[in-house]
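The residues making up each chain are set out below.
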2 protein chains.
Amino acid sequence: MAIEQLNGVRTAKAALEEYVEALLGAAGADAPSAAAVARSVVDASSRGVDTHGVRLVPWYLQMIEGGRINGRPVLGFEKKAAAVGHVDADNGFGHLASYRAIEEGIALAKEAGVAAITVGRSSHHGASGVYALAAARQGFAAISMTHADPAVVPFGGKKPFFGTNPLAFAVPAPGEEPMLLDMATSAIPYNRIFLRRATGTPLPAEVAVDAEGHPTRDPHAATAVRPLGGADFGYKGAGLASMVDILCSAFTGMGHGATIDPLAGSDYSKTIPIGHFFLVMNPSIFQAFAAFDARVGAFLADLRRQPAHPGQTVMAPGDVEKAEAARRAEAGIPVDAVTWAALEAAAGRYGKAVPQSWT
Amino acid sequence: MAIEQLNGVRTAKAALEEYVEALLGAAGADAPSAAAVARSVVDASSRGVDTHGVRLVPWYLQMIEGGRINGRPVLGFEKKAAAVGHVDADNGFGHLASYRAIEEGIALAKEAGVAAITVGRSSHHGASGVYALAAARQGFAAISMTHADPAVVPFGGKKPFFGTNPLAFAVPAPGEEPMLLDMATSAIPYNRIFLRRATGTPLPAEVAVDAEGHPTRDPHAATAVRPLGGADFGYKGAGLASMVDILCSAFTGMGHGATIDPLAGSDYSKTIPIGHFFLVMNPSIFQAFAAFDARVGAFLADLRRQPAHPGQTVMAPGDVEKAEAARRAEAGIPVDAVTWAALEAAAGRYGKAVPQSWT
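Conventions adopted
- Residues numbered from 1 in each chain as written.
- Chains lettered and ligands numbered in written order.
- Predicted model: local features only at pLDDT ≥ 70, side-chain atom pairs only at ≥ 80, totals over all residues.
- Heavy atoms only, no water.
- Helix = DSSP H or I, 4+ residues; strand = E, 2+ residues; numbered from the N terminus.
- Rg over C-alpha atoms; globule rule 2.2 N^0.38 Å.
- Buried < 20%, exposed > 50% of the residue type's maximum accessible area, 1.4 Å probe, protein only.
- Contact = heavy atoms within 4.5 Å.
- Areas by Shrake-Rupley, 256 points an atom, 1.4 Å probe, with all protein chains shown as cover.
- Lys, Arg positive; Asp, Glu negative; His and termini not counted.
- Charge placed at Lys NZ, Arg CZ, Asp CG, Glu CD.
- Least-squares fit on C-alpha atoms with pLDDT ≥ 70 in both.
- Buried area = accessible area lost by both parts, 1.4 Å probe.
- Salt bridge = Lys/Arg side-chain N within 4 Å of Asp/Glu carboxyl O.
- Polar contact = N/O pair within 3.5 Å; in protein donor to acceptor, adjacent residues only side chain to side chain.
- Nonpolar A, V, L, I, M, F, W, Y, C, P; charged D, E, K, R; others polar.
- Domains from an automatic or database assignment.
- Core = buried A, V, L, I, M, F, W, Y, C linked by side-chain atoms within 4.5 Å.
- Pairing = 2+ DSSP bridges.
- Axes fitted to C-alpha atoms, helices over the stretch in contact; angles between N-to-C directions.
- Expected span 1.5 Å × (residues − 1).
- Left-handed = near helix turned anticlockwise from the far one by under 90°.
- Phe/Tyr/Trp six-rings, centres within 6.5 Å; stacked < 30°, edge-to-face > 60°.
- Lys NZ or Arg CZ within 6 Å of the ring centre and 35° of its normal.
- Bend = angle between axes of the 7 residues up to and from the residue.

Remarks on the overall build of chain A
Stage number 1. Counting its secondary structure elements, chain A contains 11 helices and 11 strands.
Stage number 2. In terms of overall dimensions, chain A is globule-like: its C-alpha atoms have a radius of gyration of 20 Å, near the 21 Å expected for 359 residues.
Stage number 3. Seen through its principal axes, chain A has C-alpha atoms that stretch 55 × 50 × 45 Å.
Stage number 4. By residue count, 62% of the 359 residues in chain A fall in the buried class.
Stage number 5. Contacts in chain A between residues far apart in sequence, at least 24 positions, make up 69% of those at least 6 positions apart.
Stage number 6. When the accessible surface of chain A is split by element, carbon and sulfur atoms take 53% of a total near 12100 Å².
Stage number 7. Between the mean site of the 30 positive side-chain charges and the mean site of the 34 negative ones, chain A shows a separation of 2 Å.

Here's the deal with the relation of the copies chain A and chain B
Stage number 1. Once chain A has been moved 0.0 Å along the axis and rotated by 180°, it coincides with chain B to within an RMSD of 0.0 Å. The two molecules are tied by a two-fold rotation axis, judged by turn and shift. Ranked by how close their C-alpha atoms come to the rotation axis, the residues of chain A are headed by G229 of chain A, at 2.6 Å.

Structural notes on the interface of chain A and chain B
Stage number 1. Contacts between the two partners involve 80 residues from chain A, matched on the other side by 80 residues from chain B.
Stage number 2. Buried area between chain A and chain B, summed over both chains or domains, comes out near 6400 Å², and the portion from carbon and sulfur atoms is 74%.
Stage number 3. Considering only the surface of chain A that becomes buried against chain B, K236, F251 and F286 of chain A emerge as the three largest contributors, covering 11% of it.
Stage number 4. Put simply, chain A and chain B have zero salt bridges between them.
Stage number 5. Taken together, the connections running from chain A to chain B amount to 26 residue pairs in polar contact (both at pLDDT 80 or more).
Stage number 6. Residue contributions to the side of chain A that touches chain B peak at 10 residues, all from helix α7 (residues 230-249) of chain A.
Stage number 7. Class assignment for the residues of the side of chain A that touches chain B results in 50 nonpolar, 20 polar and 10 charged.

So, the domain arrangement of chain A
All names here are of chain A.
Stage number 1. Split into domains, chain A comes out as domain 1 (1-66 + 330-359) and domain 2 (73-187 + 226-304).
Stage number 2. Residue-level contacts link 20 residues of domain 1 with 19 residues of domain 2.
Stage number 3. When domain 1 packs against domain 2, the two sides together hide about 1700 Å² of surface, and 64% of this comes from carbon and sulfur.
Stage number 4. Taken together, the connections running from domain 1 to domain 2 amount to one salt bridge.
Stage number 5. In this structure, the salt-bridge partner of D43 is R137, at a minimum N-O distance of 2.9 Å.
Stage number 6. For the pair domain 1 and domain 2, the number of links is seven residue pairs in polar contact (both at pLDDT 80 or more).
Stage number 7. When contributions to the side of domain 1 that touches domain 2 are tallied by element, the ones reaching two or more residues are α2 (31-46) and α3 (57-66).
Stage number 8. If you tally residues by element for the side of domain 1 that touches domain 2, the top one is α2, at eight residues.
Stage number 9. Across the side of domain 1 that touches domain 2, the residue classes tally to 11 nonpolar, five polar and four charged.

Digging into the nonpolar core
Nonpolar side chains in soluble globular proteins tend to end up buried together.
Stage number 1. Formed by 104 residues in total, the largest nonpolar core has its most connected members in F169 and M281 of chain A together with F169 and M281 of chain B.
Stage number 2. Among residues more than four places away in sequence, those in contact with M281 of chain A are G113, V114, F140, A141, F169 and F286 of chain A together with L247, F251 and F277 of chain B.

Topic: the sheet that holds strand β10 (residues 274-281) of chain A
Stage number 1. Pairing in this open sheet of seven strands is mixed, and the strands run β2-β3-β4-β10-β5-β6-β7 (chain A) from one edge to the other. At either margin of the open sheet sits one strand with a lone partner, and together these are β2 (76-81) and β7 (176-183) of chain A. Across the sheet, the axes of successive neighbouring strands diverge by a mean angle of 15°, strand direction being ignored.
Stage number 2. Here strand β5 (residues 141-146) of chain A runs beside strand β6 (residues 167-173) of chain A; their pairing, made up of four bridges, is antiparallel. Following the sheet pairing, M145 of chain A is matched in β6 of chain A by L167 of chain A.
Stage number 3. The strands touched by helix α7 (residues 230-249) of chain B within the sheet are β6, β7 and β10 of chain A, with β7 of chain A carrying the most contacts at an inclination of about 125°.

A short note on the pairing of strand β2 (residues 76-81) of chain B
All names here are of chain B.
Stage number 1. Where β2 and strand β3 (residues 84-88) come together, five bridges link them in antiparallel fashion. What sits directly across from G76, in β3, is D88.
Stage number 2. Hairpin remark: β2 followed by β3, antiparallel, with two residues in the connecting loop.

Re helix α10 (residues 319-331) of chain A
Residues and elements named next belong to chain A.
Stage number 1. In this model α10 runs 18 Å from its N-terminal to its C-terminal C-alpha over 13 residues, within 8% of the 18 Å that 1.5 Å per residue would give.
Stage number 2. Along α10, the residues that are buried comprise D319, E324 and R328.
Stage number 3. The elements touched by buried residues of α10 are α2, α9 (289-304) and β11 (333-335).
Stage number 4. A positive phi of about 90° marks G332, the residue just after α10.

Remarks on the packing of helix α1 (residues 13-27) of chain A against α2 of chain A
All names here are of chain A.
Stage number 1. Packing of α1 against α2 brings their axes to within 8 Å, and their N-to-C directions diverge by 145°. The two elements α1 and α2 cross, and the hand of that crossing is right-handed. For the pair α1 and α2, the contacting residues are K13, L16, E17, V20, E21, L24 and G25 in the first and A34, A35, V37, A38, R39, V41, V42 and S46 in the second.
Stage number 2. For the contact of α1 with α2, a count of residues per class yields nine nonpolar, two polar and four charged.

Digging into the environment of Q138 of chain B
Residue and element names in this part refer to chain B.
Stage number 1. With respect to the secondary-structure elements, Q138 resides in the loop between α5 (129-136) and β5 (141-146).
Stage number 2. Q138 has contacts with E103 and I106, leaving out every residue within four places of it along the chain.
Stage number 3. Polar contacts involving the side chain of Q138 include one to the side chain of E103, which spans 3.1 Å.

A closer look at the pairing of β10 of chain A
The side chains of a regular strand alternate, first on one face of the sheet and then on the other.
Residues and elements named next belong to chain A.
Stage number 1. β10 sits mainly inside the fold: eight of its eight residues count as buried.
Stage number 2. Burial along β10 is two-sided: the face carrying I274, H276, F278 and V280 and the face carrying G275, F277, L279 and M281 are both buried.
Stage number 3. With seven bridges connecting them, strand β4 (residues 114-122) and β10 associate as antiparallel partners. Bridge pairing in β10 links A116 to L279.
Stage number 4. The sheet contact formed by β5 and β10 spans six bridges and is antiparallel.

Side note on the packing of aromatic side chains
Stage number 1. This model, assessed by the stated rule, comprises 32 aromatic pairs over all chains.
Stage number 2. With 4.9 Å between their ring centres and 80° between their planes, F251 of chain A and F292 of chain B make a pair best called edge-to-face. Separated into two different chains, F251 of chain A in the loop between α7 and β10 and F292 of chain B in helix α9 (residues 289-304) make up a pair that spans both.
Stage number 3. The ring of Y99 of chain A carries the charged tip of R39 of chain A above its face, separated from the ring centre by 3.8 Å.
Stage number 4. Across the ring face of Y350 of chain B, the terminal group of R349 of chain B is positioned such that the distance to the ring centre comes to 5.3 Å.

Looking at α7 of chain B
Residue and element names in this part refer to chain B.
Stage number 1. Over its 20 residues, α7 extends only 25 Å from the first C-alpha to the last, a length that falls short of the 28 Å expected when each residue adds 1.5 Å.
Stage number 2. Along α7, the largest kink reaches about 30° and is centred on K236.
Stage number 3. Most of α7 is tucked away: 17 of the 20 residues are buried.

Observations concerning the side chain of R47 of chain B
Residue and element names in this part refer to chain B.
Stage number 1. As for its position among the elements, R47 is in the loop between α2 (31-46) and α3 (57-66).
Stage number 2. Given the relative accessible area of 8%, R47 is considered buried.
Stage number 3. Among the polar contacts listed, one links the side chain of R47 to the side chain of D43, at a separation of 2.8 Å.
Stage number 4. Ignoring sequence-local partners within four residues, the contact set of R47 consists of V130, L133, R137, L180, E321, E324 and A325.

So this is what it looks like as C-alpha cells:
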C-alpha cells in the first residue's frame, strides 16, 4: 500500500482506536457514536483498507463540528415483519446505525433464518465490509450495502450518477477470520483518487474520467470514476450500482443516489441523509452448522490451492487484508502524514493527548 | 445480436413455447417440467437473451434422453424458518425447481417481508434472471443465483474453478416491465463462446483464456473465461463468483462449483447435482408500495435522461432486452439454423409437428 511511503507514523491498534474515539467525543459525539466510528475506521485500517480507515476521521470531525452529523442521535428501530426491520439513524454517524442494524438483523435472523434491515436518515458509514464482518464474527453471514452521492458515471454516460455503491459479503470460515468480499461497484473506490493525489501516483487506465467524462490517469484531473467493467463491460458495474442504489433508497425511504448533495461539499452544516441495506443470514437454519462450516472451509482450501500464473497466487476474497492485518498487528497501523497532522491539529484544538507512535 | 445472421427462422412466441414443451414432453418430461423449461427458455429468447434461450433445448433433450435429468421429479419443500425454505429438485430440471422456489419465496415473503429459498439436487436452470423476473412481475423484488461447473479462472489463476455464477436482481417498476439486472460474474457468459463459434466472430479482448490460461480472442481456442474485471480488477468478479458459489453450496447443502462434473461432458446418464439461491422481498413490508414504486420510477427516469457520449444512450439494467422484446413481439423470435435443425431432428425423432415459422 502506497500509504507506507508517506512518512507518517505507525500506532498500535488499541491506542489508535482510543485516540480516534477521544477526538470524536471532544468534537461532540456521544460515547456510543464515538466508539462506533472508532471501531469501524480502525477495523478498516487494521486490515489495510486505508481508503476507508483513519484517513476519514478529519472529515468526520469536520462534519460533526459543522453540525451536519448529529453527535447525539436517538436511534429508532421498527420491526416491520418477522424478517424485516428499519433503523432510523437520526442523522447521526452511519457507523453507529450500521452496527445497530447488524445487531437487530442477528436478533431477527436467529429466529427467522434471514433478516433484511434497512437504515434511513443516515450518513457515510466508512467501509461497508466492517458491518458484514461484525455479523460473520458472530457466526452469521451478511450482505452490507450503502449508496452515496454521485461519483460514478453510468455506462455510456458523461456525468456522475451513481455513488461507488459498495457491496460487501461476509461468511464465517473455520479456523480463521470470516471470508470477506468488500468491493465498490465502481472500477475503483472514489477515495482512491484522493489517496493517489496524496501519494502522487497515477490512476490505473480506464477507471477514472475528467470533468468532460473522458478517461484520465491523472488523479488531479479525475473527477469521477467508471463502473466496474470499464469501457466494454461497465454495464455490469452500473447494473450492480443500480441494485445497491434501489435497495438503499426505495427500500429505505431515502431518495436515490443522484438526489444526494455532495458529501464532500463545503457546507458542513447541512444534513445529507442517505440509506444503507443489510441482509443477515443464520447459517444454522439453512444447514447443520458443522456441515456448512466444512463446506466453506473446503471452498477456501480448494480455491487457494489453484495453479497460478508465475508470480501470482490464487487468493480468496479478503486474503490480502488478512495478510496485511497480521503484518499490522506486529508492526502497528500506518497513518499517513497528512492524516496524522490533521489528527494532531484536532487534538491540539480539543486539548487531547496524542498517543505514542512507532515512527 | 449476431443470431440474426444465421439464416435461421423466426417464430411466434406462443408457437415456439408450445413446440419446446411438446418436444420436452416427448423426450420424457412430465407436464410441469416441460412447461417450466419452455417458459424459461422462451422468456429468455423473447428478450434477446439467446445464449440462455431456445438454443439450450437440444442440450436439455440430450440430458433427459440420457437419463441425467429426472423428467418426473417429485419436488420436496421444507420450510426451515419464517423466512427460509428449501426446495429439493429431485434431480429434475432446474427451471421447475427455480419457479417453485420463487413461488415459495413469495408465499413466505408475504408475511415475513423477505425470504431466502435454497434449491438442492438441481440442474442447469437456464437464465437466472427469468426467476427474479417472475417474482417482480408479481410485485416482489428478487435476487436469483446459481453456481455451476468450472468455466472461469480465478484471478491470477490458470485453471477454471468457478462457474459463470450469475447474479440476477429484479424489481417492479411503474408502468413497465420490472427492472432486471441479469449478469454473469464472469467477464462474459460461457455460452457466448459457443455462440461465437457458431457465428464465427472473435471474442472481445481479455475476457477468455486458452487451455494454458493465456488470453485468446479465438472462440475455438477459448476453453475458459475470466472473472468480471479482467486482468486488472478480476478479483472483484472472482469475489462475486465466490459469494454466489457459497450461497449456492454451503447454504444449499451441495458441494462448491469446482466439485461439479462438467455439465457439457459426454456422459449424459450421470446425475450432476447443483444448487441455486433465491431471495424474495415484499416491497410493501419495507415501504408503502406507492412511495416505493415512485422511487423506483424516479430512479429509472433520472438514469435514462443522463447525458451520454456521442452515439450512446444511458440505459437502465434490462433496457436493451426490453427494446429487443418489443421488436421480437412484432417480428417473431429468431432461432439460429443450427438450433432449428436440431429441434427439427428431435421433432422427427418424436413424431411432433414443426410449427410454422416466418422465414
